[in-house]
Amino acid sequence: MRCLSKSIKRKKNDVKVKVKVKSKIVNKRVKSKANPPSTPSLNFVCDIDTLRTLIKKNKVRVVDVRKRDEYLKGHIKTAASLPLAELLSNDDPESIINILNNLGISDDTLVVIYDDTFGALASRVAWSFKFVGHRNVALLEVTYDNWKKLGLEIERKSNKYSKVSHSIDIDYSIFADAEYIENAQNDTNKIIIDSRERLNFLTEHIPNSKNIPYTMLRSENSILRNPSELKRFIENRGIDLNNEIITYCGSVGTLSGLAFFALKTAGISNVKLYPKSFKEWKSLGKPKTEFKDANYWDLSAE
Amino acid sequence: MLNTILLTLAKSIDYDVLSSAKNKELETNEKWGLAEESEYFANKVKLYRQDKLNADEFRRFRLQNGAYGSRLNSEFSMIRIKVPGGDITPTQLEKVASLSESFSIGSAHVSTRQNIQLHWVQLEDVSEVFRGLAEVGLTSREACGNTIRNVMCSHFAGVCPNEPFDTTPYAKAIARFFLRNPICQNLPRKFKFNFSCCPEHGYVRIADVGLVPTVRDGVRGFRVYLGGGLGAASFIGHLLEEFTPESRLLSTSIATIRLYDRLGNRENLARNRMRYLVSEIGWEKFQGLLLKERILVEATISIPTRKSYDGFLNTGDLNNISISSTSTKSKITLPVINSNSGDTPYTRWLNTNVVAQKQSGYYSVYITLGAGDITSSQLRIFAECIREFSLEKKARTTPQQNFLVRYIKADQLPKVFQKLSGNGLGNPGANTIVSTVGCSGTTSCNLAITNSHRLAKEIQSKFLELNVDLDKDFVDSSIKISGCPNSCGQHEVATIGFYGGATRIGTSMVPIYTMLFAGSTGENGELGKAIMRVPAKKVLDVVLKIFEHFKKERTGNEKLNEWIYKISNGNGPGEIKNVDDMKNLLLPIIELPAFSTAPDFYKDYGTDTNFVAKTARGECAA
Ligand code: HEM
Ligand code: SF4
């Protein structure tokens, strides 16, 4: 098992040292002793060490998207609270900008987001930030539960940051709606990915979509497998890195948000999320592919 | 530099906390899997998808590697993981758990031939599952297709009070010897070995080669049964000779396979198992040919071949723990723990799921599953349980679609129960009729007509609700259900067996089961006899009616299986003397109400639409 090896990208002096950690996390890039540059950028997923360093240097806004009472029981040091529900209740671009402002996130603030739901909730929030034009946002490679188990820095105090003003620059290249999906259905260069579990997919899905269950994406210790594995999964499916991929899931774009980030780390450049997902698709009465010739649910021991 | 090392060390301690599989046991099982076969499979899938490999060729390749096509949907596969001898380690179970979670449906399935199956895996992910399996030494290679299937071994082998010796190493050596062996890569049809531990336990009469261990003049050996097997037409195996010394096990096996390979029917798909060859040329002739073939094999077998087998046998022996056991002269039945006191969940479990081993002070514990299904999280708990409580740190799959964990000390049993039952794994009834067997049926199999899988689960939960496990009269009886006549659910060796079909009642199609009586396993195993047909939704009522009359009419302490046996032979002790009496008793019960008033009776379990029998190519002989 390996964790994702990414971390701060530096323009110069990028010293790569392979640290072999006995356990699960190997191949980590270790930072040089040189002073870090003033505005590093994050690449989809942030590893533990990088986040700890950033926190110590006060160079990151950590966002906790669990429920508020969970946050109050303890959270990663310096983290601000943004329960996913709060974002979902107002997820038009202006409201999201407002949220960024209230969290003290300005255009060049590094943001690292975590949850306790294998990265799915964090992904949905991170995607929203990207959507309104925030560039430097990444998911923490582990869940809060794992962070805590590792005995890393947590605290209970509620963190508030002074309000800032974030610019708005909507990135429609990562967004899809029902109409977009409909047009993509018969386009061989566009691939629609359903990130729900296998049995849900078999039951019903958007016609012509393919299934990559979110359960395929994580590893034992990390919310995402290493990029080479993810890339292999995609290649096994005959998907080309140049294909455009649109992800969706059951209701609000969380599982598919995770898939969005997985595909990005695997090297697919053009990935879009259909945030309203299958729930909206069904409510619009759009066609579905159903599979009723087998009683597969009866195989589950749940 | 030193700093880095220290840091690394500190970190390694930290990060280990995240590893659920810390304190991994030394891997005690053999390595069956090969990582390169995964990549090879992935490439073949790509070629097939690009139309560079034709469908037939690809299908044969896929089956040889252990992946069946899923029901009416060729995008998905069922992967049959071989568990040679049924022997599996916690690390392997944990891997199965994570592979199921990632690529399958989050549950795994223990099969009637001790395999573990992952269903509805996308064809493109099959190679990933293979990769993971190889990491822990497992393989699905030759689990399907026309080759040597999983070699079965009684789950009591090594702990059974009546066994002359532990047959596990022999089962594994045979499995190891034939895996990837050129002599069995393209047989006329599949070929099955079953080892027992004693005359009672084991499925030796329904295999191509069934072996019962025995000792003569201090020499280990077997009674070898050939040409048995279940299917649309089933046969009981024939005894080759009174005694086959262990030194001739390999040559006898090779000779059988060579003979079958040469003479077996390659034309007629429906008659190409070895049992048809035996029945066509007659047992005496087959036997004569075989004994001659064996002489030939023994004269020509090369030293390296012999040595490789001996090597496999020795490693198998080393891998087994040995604890001195009380030697047994006369046959005794496996003692079950009897607590007598009341019917708390714990005592119910003790009564039916815990068996004393021949090693005094040690017990084996059954995990009763529902038709063999277990979730990934349950598998993980189970793996922990094995590590924590079993001296041999392994478990066995059983042909009743359950697990058995062995070498547990008496004082640990309450803790074992607590751990299991807290996670839905503490159901009682393993050695009684409660533990119903059901093949995959319409949940995944192309040939299925009925949802045998769900029916098995329905019956089991009804029995648990009715506390059937508490009643000693139902110990050693079984219900086994197949979704079509092919017998994957082994309905012909059940006390009460069922296989699925379809019929028309009035103007509607109805799922219906043929009920069989008095099948049995073991060295004296017999095939069940067909009694009558029962609509799917009436099966439970029929079974309960049979129970009711059994209670009324049996004599003395007769158990259900004994009573049923008498009836099927026309010697019923009460009013119901024979099969016809039984039919007359049950006919009123199987009457269906009019479709218009009760449409549900015309549907199968697990479906809310009207019943239709849909099947596709079965791939049972590709
Ligand atoms: C004509 C085709 C088939 C025949 C004659 C056949 C026959 C059998 C028989 C007799 C067994 C039983 C056990 C034993 O020998 O001890 C068995 C096992 C089994 N079969 Fe089939 N089968 C066929 C096709 C299939 C198909 C298409 C599937 C589903 C994909 C399937 C799934 C199973 C399963 C799950 C088992 C359990 C045991 C194992 O692990 O091998 N079978 N088969
Ligand atoms: S018995 Fe029939 S329905 Fe059941 S698994 Fe075998 S072929 Fe399929």
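Residues numbered from 1 in each chain as written. Chains lettered and ligands numbered in written order. Predicted model: local features only at pLDDT ≥ 70, side-chain atom pairs only at ≥ 80, totals over all residues. Heavy atoms only, no water.

Undergrad: What should I look at first to understand the overall build of chain A in this one?
TA: What chain A contains, in helices and strands, is 11 helices and 13 strands. Counting every position in chain A, which comprises 302 residues, the buried fraction comes to 57%. Across chain A, contacts joining residues at least 24 apart in sequence account for 71% of those joining residues at least 6 apart. With the model as given, the accessible surface of chain A reaches about 12,700 Å², and the carbon-plus-sulfur share is 47%. (Helix = DSSP H or I, 4+ residues; strand = E, 2+ residues; numbered from the N terminus. Buried < 20%, exposed > 50% of the residue type's maximum accessible area, 1.4 Å probe, protein only. Contact = heavy atoms within 4.5 Å. Areas by Shrake-Rupley, 256 points an atom, 1.4 Å probe, with all protein chains shown as cover.)

Undergrad: Help me out: how do you make sense of the overall build of chain B in this one?
TA: The secondary structure content of chain B amounts to 17 helices and 21 strands. Scaling as 2.2 N^0.38, a compact globule of 622 residues should have a C-alpha radius of gyration of about 25 Å, and chain B matches this with 24 Å. In chain B, which comprises 622 residues, the share counted as buried stands at 62%. Within chain B, residue pairs in contact and separated by at least 24 positions form 69% of the contacts whose partners lie at least 6 positions apart. Here chain B displays about 23,100 Å² of accessible surface, and carbon together with sulfur accounts for 52% of that area. (Rg over C-alpha atoms; globule rule 2.2 N^0.38 Å.)

Undergrad: What am I meant to see in the packing of aromatic side chains here?
TA: A ring pair, where both rings are aromatic, is described by two values, the distance of the centres and the angle of the planes. Residues and elements named next belong to chain B. What the rule picks out here adds up to 44 aromatic pairs over all chains. Ring plane angle 80° and centroid distance 5.9 Å describe the contact between phenylalanine 195 and phenylalanine 222, whose orientation is recorded as edge-to-face. One end of the pair, phenylalanine 195, is in strand 7 (residues 193-195); the other, phenylalanine 222, is in strand 9 (residues 219-226), and 27 residues separate them in sequence. Of the two residues examined, phenylalanine 195 and phenylalanine 222, each falls in the buried class. (Phe/Tyr/Trp six-rings, centres within 6.5 Å; stacked < 30°, edge-to-face > 60°.)

Undergrad: Whenever I open this one, the coordination of the iron atom of ligand 1 confuses me. Can you help?
TA: Six octahedral donors around a metal ideally subtend angles of 90 or 180 degrees, whereas four tetrahedral donors ideally subtend 109.5 degrees. The sole protein-derived ligand of the iron atom of ligand 1 is B:Cys488 (SG), positioned 2.3 Å away. With respect to the helices and strands, the residue B:Cys488 is situated in the loop between strand 18 (479-482) and strand 19 (496-505). (Donors = N, O, S within 2.8 Å, 3.2 Å for Na, K, Ca; no water.)

Undergrad: Looking at this structure, how should I read the domain arrangement of chain B?
TA: When the parts of a complex come together, some accessible area is lost, and that lost area is often used as the size of the interface. Residue and element names in this part refer to chain B. Assigned domains within chain B: domain 1 (160-321), domain 2 (345-421) and domain 3 (437-602). The centre of domain 1, based on its C-alpha atoms, is set 33 Å off from the matching centre of domain 3. Both sides of the domain 1 and domain 3 interface together cover about 1,100 Å² of buried area, and 54% of this is carbon and sulfur. The largest share of the area that domain 1 buries against domain 3 comes from Tyr203, Leu230 and Ile236, three residues that together contribute 38% of it. (Domains from an automatic or database assignment. Buried area = accessible area lost by both parts, 1.4 Å probe.)

Undergrad: Please clarify how the pairing of strand 4 (residues 107-110) of chain B should be interpreted in this entry.
TA: For a regular strand, the rule is simple: side chains alternate between the two faces of the sheet. All names here are of chain B. The side-chain alternation of strand 4 yields two buried faces, one formed by Ser107 and His109 and the other by Ala108 and Val110. The pairing of strand 4 with strand 14 (residues 373-375) spans three bridges and is classified as antiparallel. Bridging across to strand 14, serine 107 finds its partner in threonine 375. The sheet contact formed by strand 4 and strand 5 (residues 116-122) spans two bridges and is antiparallel. The partner of histidine 109 across the bridge, within strand 5, is glutamine 117. If you look at the hairpin formed by strand 4 and strand 5, you'll find five residues sitting between the two strands, and glutamine 114 has a positive phi there, around 65°. (Pairing = 2+ DSSP bridges.)

Undergrad: What exactly am I supposed to notice about the packing of helix 4 (residues 90-103) of chain B against helix 12 (residues 376-389) of chain B here?
TA: Each pair of packed helices gets described by two things: the angle between the helix axes and the distance between those axes. Residue and element names in this part refer to chain B. One way to put it is that helix 4 packs onto helix 12 with a least axis distance of 8 Å and a crossing angle of 170°. Judged by the inter-axis angle, helix 4 sits roughly antiparallel to helix 12. From helix 4, Pro90, Thr91, Leu93, Glu94, Val96, Ala97, Ser98, Ser100 and Glu101 reach across to helix 12, where they touch Ser376, Leu379, Arg380, Phe382, Ala383, Ile386 and Arg387. Tallied by class, the residues present in the contact of helix 4 with helix 12 amount to eight nonpolar, four polar and four charged. (Axes fitted to C-alpha atoms, helices over the stretch in contact; angles between N-to-C directions. Parallel < 35°, antiparallel > 145°, perpendicular 65-115°, else oblique. Nonpolar A, V, L, I, M, F, W, Y, C, P; charged D, E, K, R; others polar.)

Undergrad: Looking at this structure, I do not really get the packing of helix 4 of chain B against helix 5 (residues 126-135) of chain B. What am I missing?
TA: Residue and element names in this part refer to chain B. One way to put it is that helix 4 packs onto helix 5 with a least axis distance of 10 Å and a crossing angle of 165°. Overall, the two elements helix 4 and helix 5 adopt an arrangement that is roughly antiparallel. Taken as a pair, helix 4 and helix 5 cross one another with a handedness that is right-handed. The residues of helix 5 that touch helix 4, namely those facing Lys95, Leu99 and Phe103, are Glu128, Val129, Gly132, Leu133 and Glu135. (Left-handed = near helix turned anticlockwise from the far one by under 90°.)

Undergrad: Would you mind showing me how to read the site of ligand 2 here?
TA: The local shell around ligand 2 consists of B:Cys439, B:Ser440, B:Gly441, B:Cys445, B:Leu447, B:Ala448, B:Ser482, B:Gly483, B:Cys484, B:Asn486, B:Ser487 and B:Cys488. The residue makeup of the shell around ligand 2, split by class, is six nonpolar, six polar and no charged. (Near = heavy atom within 4 Å.)

Undergrad: What is the right way to read the sheet that holds strand 20 (residues 508-517) of chain B from this model?
TA: Through backbone hydrogen bonds, the strands of a sheet pair up, either in parallel or in antiparallel fashion. Residue and element names in this part refer to chain B. Strand order in this open sheet of five strands is 17-18-19-20-21, and the pairing throughout is mixed. Each having just a single partner strand, strand 17 (437-438) and strand 21 (529-535) make up the two edges of the open sheet. The sheet contacts of helix 14 (residues 452-465) involve strand 17, strand 18 and strand 20, and relative to strand 18 the element is tilted by about 160°. Against the sheet, helix 15 (residues 539-553) contacts strand 18, strand 19, strand 20 and strand 21, and its axis sits at roughly 30° relative to strand 20.

Undergrad: Would you mind going over unusual backbone geometry with me for this structure?
TA: Residue and element names in this part refer to chain A. Despite not being glycine, phenylalanine 44 has its phi angle at roughly 65°, a positive value. Considering the arrangement of structural elements, one finds phenylalanine 44 in strand 1 (residues 44-46). On the basis of relative accessibility, which here comes to 16%, the residue phenylalanine 44 falls in the buried class.

Undergrad: Please explain the state of the cysteines as it appears in this structure.
TA: In a disulfide, the sulfur atoms of two cysteines are held together by a covalent bond. This model, assessed by the stated rule, comprises zero disulfides over all chains. B:Cys144 takes part in no disulfide bond, and the closest cysteine sulfur, belonging to B:Cys488, lies 11 Å away. (Disulfide = S-S within 2.5 Å.)

Undergrad: When you look at the sheet that holds strand 5 of chain B in this model, what are you seeing that I'm missing?
TA: Residues and elements named next belong to chain B. Overall, antiparallel pairing links the five strands, which are arranged 1-2-5-4-14 in an open sheet. At either margin of the open sheet sits one strand with a lone partner, and together these are strand 1 (67-70) and strand 14. Going across the sheet, the axis of each strand differs from the next one's by a mean of 35°, ignoring polarity. As judged from the four bridges shared by strand 1 and strand 2 (residues 73-81), these two strands associate in the antiparallel manner. Residue glycine 69 lies in a different strand from strand 2, and its bridge partner there is serine 77. Helix-sheet contacts for helix 5 involve strand 1, strand 2 and strand 5, and the interaxial angle to strand 2 is about 10°.

Undergrad: Whenever I open this one, the domain arrangement of chain A confuses me. Can you help?
TA: Residues and elements named next belong to chain A. Segmenting chain A into domains produces domain 1 (39-170) and domain 2 (173-299). Between domain 1 and domain 2, the C-alpha centre-to-centre distance is 25 Å. Contacts between the two partners involve 21 residues from domain 1, matched on the other side by 21 residues from domain 2. Summing the contributions of domain 1 and of domain 2, the shared interface buries around 1,800 Å²; its carbon and sulfur component is 77%. By the criterion of area lost to domain 2, the three top residues of domain 1 are Phe44, Phe118 and Trp127, representing 38% of everything that side buries. There are one salt bridge connecting domain 1 and domain 2. The salt bridge involving aspartate 91 is made with lysine 276; its shortest N-O contact spans 3.9 Å. (Salt bridge = Lys/Arg side-chain N within 4 Å of Asp/Glu carboxyl O.)

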